[in-house]
Amino acid sequence: MEHVNDSAATGDMPAYQIRTPTTTLPQGVVMAASPGTLHSPQQMAEEATRKRELRLLKNREAARECRRKKKEYVKCLENRVAVLENQNKTLIEELKALKDLYCHKAE
DNA sequence: CGCCGATATCGTCAAATTAT
DNA sequence: ATAATTTGACGATATCGGCG
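In this text the structure is predicted, and so the values were computed from the model without any measurement.

Asks: Hey, could you go over the overall build of chain A for me, with residue numbers and the actual values?
Replies: What chain A contains, in helices and strands, is one helix and zero strands. As displayed, chain A has an accessible area near 10400 Å², and 60% of this comes from carbon and sulfur atoms.

Asks: Could you give an account of the UniProt feature "coiled-coil region" (unreviewed entry) in chain A, with specific residues and numbers?
Replies: Per the UniProt record, "coiled-coil region" (unreviewed entry) is annotated on residues 67-101. Within the segment residues 67-101, helix and strand shares are 100% and 0% respectively, and the terminal C-alpha atoms sit 51 Å apart.

Asks: Could you give an account of the pattern of salt bridges, with specific residues and numbers?
Replies: Counted by the stated rule, this structure contains four salt bridges. Residue E47 pairs with R50 through a salt bridge whose shortest N-O separation is 2.7 Å. With a gap of three residues between them, E47 and R50 both fall in helix α1 (residues 41-105), about one helical turn apart. Note on R50: relative accessible area 48%, which makes it partly exposed. In this structure, R68 engages E65 in a salt bridge whose closest nitrogen and oxygen atoms are separated by 2.9 Å. Of this pair, R68 and E65 both sit in helix α1, three residues apart, roughly one helical turn. Taking relative accessible area as the criterion, R68 reaches 42% and is therefore assigned partly exposed. The class of E65 is partly exposed, set by a relative accessible area of 37%. Through salt bridges with shared partners, one network takes in E65, R68 and E72.

Asks: Account for a nonpolar patch on the surface, with residues named and values stated.
Replies: On the surface, Y73, V74 and L77 cluster together into a nonpolar patch covering about 280 Å² of accessible area. Take V74: it is sitting in helix α1.

Asks: How would you summarise the confidence of the model for chain A if you had to cite specific residues and measurements?
Replies: Per-chain confidence: chain A averages 74 in pLDDT, with 62% of residues scoring 70 or above. Long-range and interchain partners of residues 1-25, a stretch whose pLDDT sits below 50, account for 15 contacts in this model, where long-range means more than four residues apart.

Definitions and cut-offs
- Residues numbered from 1 in each chain as written.
- Chains lettered and ligands numbered in written order.
- Predicted model: local features only at pLDDT ≥ 70, side-chain atom pairs only at ≥ 80, totals over all residues.
- Heavy atoms only, no water.
- Helix = DSSP H or I, 4+ residues; strand = E, 2+ residues; numbered from the N terminus.
- Areas by Shrake-Rupley, 256 points an atom, 1.4 Å probe, with all protein chains shown as cover.
- UniProt positions renumbered as here; feature names shortened; annotations may be inferred.
- Salt bridge = Lys/Arg side-chain N within 4 Å of Asp/Glu carboxyl O.
- Buried < 20%, exposed > 50% of the residue type's maximum accessible area, 1.4 Å probe, protein only.
- Patch = residues over 30% accessible without salt bridge, like charges linked within 9 Å, V, L, I, M, F, W, Y side chains within 5 Å.
- pLDDT = per-residue confidence, 0-100.
- Contact = heavy atoms within 4.5 Å.

Here it is as structure tokens:
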């Protein structure tokens, strides 16, 4: 499983911010759109990267939310464990007390 | 102090799951 | 069937505590 990682241009900065093919074009020859269609190749490319960035943004937020929910879930479970441990402890004490009571009565 | 390992957090991708 | 959402896995980066 290899990853697509091409951020050679600008050393730092997260990769997801700098993937914009539109700005990669040799500046100069641009905007020669055919009059019939308002979908020049650059417009198509722009649209594509716009969509991609939107998708990445959404998934970034989805991942955050997912992790938040998972943490909360784990906390709930841990809390439940604590409660059950306490219940168990008091039940054991109760049982012990009842046993004592019973065997003293038997004499 | 700088270096290291352990741990936590993040963004991304891909696959699984759910909604339309 | 496919669009949308959710989640597990991975790699990159940040943070922290101990050691020399």
